[in-house]
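Working through the structure, step by step
The residues making up each chain are set out below.
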Amino acid sequence: MSTATTPTGPRSTSETGLWSVTDTASYLRVPAKTLYEWRYKGDGPPSHRIGRYVRYVPSEVLAWVTSR
């Protein structure tokens, strides 16, 4: 049994759709509050407001992680 060093996506069905704050926080292994703070400060992965919800595009989150 091998242990992956790279976090995997939160849900397999989310890979084709948008991630919620909870999904993204789980992937990045940070508290959801951190994502809200990064969004407020203009840091962190790109996020999008859909109605009253904040959503993340998985490919944009992955690109943000690799650019760090």
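See above for the structure.
Here is a short report on the structure shown in this document. (Residues numbered from 1 in each chain as written. Predicted model: local features only at pLDDT ≥ 70, side-chain atom pairs only at ≥ 80, totals over all residues. Heavy atoms only, no water.)

Things to note about the nonpolar core
We count it as follows: The term nonpolar core refers to a set of buried residues drawn from Ala, Val, Leu, Ile, Met, Phe, Trp, Tyr and Cys, joined through side-chain atoms within 4.5 Å. Burial classes: relative accessible area under 20% of the type maximum marks a residue as buried, over 50% as exposed, and values in between as partly exposed (1.4 Å probe, protein chains only). Numbering of helices and strands runs from the N terminus, with a helix taken as a DSSP run of H or I at least four residues long and a strand as a DSSP run of E at least two residues long. Note on contacts: a residue pair qualifies if any of its non-hydrogen atoms lie within 4.5 Å across the two residues.
Listed in full, the 10 residues of the largest apolar core are Trp19, Val21, Ala25, Tyr27, Leu28, Leu35, Val54, Tyr56, Val61 and Trp64. Of all the secondary-structure elements, those providing two or more residues to this core are α1 (21–28) and α3 (58–67). Setting aside anything within four residues of it in sequence, one finds Val61 in contact with Trp19, Thr24, Tyr27, Leu28, Pro45 and Tyr56.

With respect to unusual backbone geometry
Phi at Arg29 is positive, roughly 60°, even though this residue is not glycine. By the secondary structure assignment, Arg29 is in the loop between α1 and α2 (32–41).

Some words on the side chain of Ser47
Heads up, the condition is: Nitrogen and oxygen atoms within 3.5 Å of one another constitute a polar contact, given that in protein one can donate a hydrogen and the other can accept it, and given that sequence-neighbouring residues count only through two side-chain atoms.
With respect to the secondary-structure elements, Ser47 resides in the loop between α2 and β1 (48–50). At 2.4 Å, the side chain of Ser47 and the side chain of Arg39 are in polar contact. Among all residues touching Ser47, those that are not within four sequence positions of it are Arg39, Val54, Arg55 and Tyr56.

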